[in-house]
Amino acid sequence: MLIDTYDRVATDLRVSLTDKCNLRCTYCMPEEGLQWLGKSELLSDDEIVRLIRIAVTRLGITEVRFTGGEPLLRPGLVSIVEQCAALTPRPRMSLTTNGIGLKRTATALKAAGLDRVNVSLDTLRPDVFKTLTRRDRHRDVLDGLEAAREAGLTPVKVNSVLMPGLNEDEAPELLAWAVAHDYELRFIEQMPLDAQHGWKRDGMITAGDILASLRTRFTLTAESDESRGSAPAERWTVDGGPHRVGVIASVTRPFCRACDRTRLTADGQVRTCLFAREETDLRGALRGDAPDEEIAELWRTAMWGKKAGSGLDDPSFLQPDRPMSAIGG
């Protein structure tokens, strides 16, 4: 079991498979990209599977989310999913992706055992997409979403970040589109995860702003706290249901008290929080031939030291040293 001093138990593992990405989203990284990790610094496929096996069989992990960077850039992704699907007990598995390449891989990922996907899409306007991501790949993302739905990687969730002066007016349009295509839309408050440290609290679009915009067109009914559980998104049914919309308000409505996550970076570090400044090295133990139980104990010790909150609700919060691409969203 992975328990901390606040009696929170981690059952959800986020695994960053690579720090690389084929987009250059303005809220994540600079246009020129970043200095990527060297091949020897990255965990191998076998090392990733071993750590997930330890987490599932010894530490009580029941859900695994593959992230990046962009996880579809990992050549061994399908094999990793397949090996993890063979574990006993079998974890539920999902993938967070920008959707580029999903048209090509959705069927194989489903066959390997992936359960569902989250796809990032911030706008329905190709010109705005190009401005936000610095790439002309809007159509590829839409095609990837369709392929995921057709392959049965459902519910297909769409993650959207609204940015001032770019797409802040698109919330109702995005929700109408998601309902029409049977996707579950989730808005995410912009967080301080950009490598260039350009985030400003007073310029972000808040959960309150998003909900006010949505209510100009839709009737939203809040779901109960019991149905939310430890999920990061507050959810509302849309016009009486069955469709739902979520808002992840990490900055203005922190949900740290219910957090059930542990994170593994692409280079084999345990992070107790997306915004943690401390890491625990598991790669060194792996490559030093440590037995499974020793690695599990390192992981337990790391989680025992998890802090009460992320610190995002503190106006003086400072951004983490590593960009999101190296940590995993």
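Attention in this report is confined to the structure presented alongside it. (Residues numbered from 1 in each chain as written. Predicted model: local features only at pLDDT ≥ 70, side-chain atom pairs only at ≥ 80, totals over all residues. Heavy atoms only, no water.)

**Here's the deal with the pairing of strand β8 (residues 184-188)**
In terms of burial, β8 is largely enclosed, as 5 of its 5 residues are buried. Along β8, one buried face is formed by E184, R186 and I188 and the opposite face, lined by L185 and F187, is buried too. Inspection of the sheet shows strand β7 (residues 157-160) paired to β8 by 4 bridges, in the parallel sense. Opposite K157, over in β8, you have E184 as the bridge partner. Crossover handedness for the path β7 to helix α6 (residues 171-181) to β8: right-handed. Examined bridge by bridge, β8 and strand β11 (residues 244-248) share 4 bridges and lie parallel to one another. Of the residues in β11, the one forming a bridge with L185 is V245. (Buried < 20%, exposed > 50% of the residue type's maximum accessible area, 1.4 Å probe, protein only. Helix = DSSP H or I, 4+ residues; strand = E, 2+ residues; numbered from the N terminus. Pairing = 2+ DSSP bridges. Right-handed = clockwise from strand over helix to strand, strands pointing away.)

**Some words on unusual backbone geometry**
With an omega of 0°, the peptide bond running from T154 to P155 counts as cis. As for its position among the elements, P155 is in the loop between α5 (138-151) and β7. In this model, G241 is joined to P242 through a cis peptide bond whose omega is 10°. Of note, the phi angle at D239 is positive, near 50°, even though the residue is not glycine. Phi angles above zero are rare outside glycine, and D289 is one such case at about 65°. By secondary structure assignment, the location of D289 is in the loop between α9 (283-287) and α10 (292-304).

**Some details on helix α7 (residues 207-214)**
Of all the residues in α7, the buried ones are A207, I210, L211, S213 and L214. Seen end-on, α7 carries its buried residues on one side only, within an arc spanning 160°. Where α7 is buried, its residues contact α6, β8, β9 (220-222), β10 (234-238) and β11. (Arc of directions from axis to C-beta. Contact = heavy atoms within 4.5 Å.)

**A short note on the sheet that holds β9**
What the 12 strands build is an open sheet, ordered β9-β10-β11-β8-β7-β6-β5-β4-β3-β12-β13-β14; its pairing is mixed. Each edge of the sheet is formed by a strand with only one pairing partner; in this case those strands are β9 and β14 (280-281). Relative to β11, β10 is paired through 4 bridges, and the arrangement is antiparallel. Considered in β11, the bridge of E234 is made with V247.

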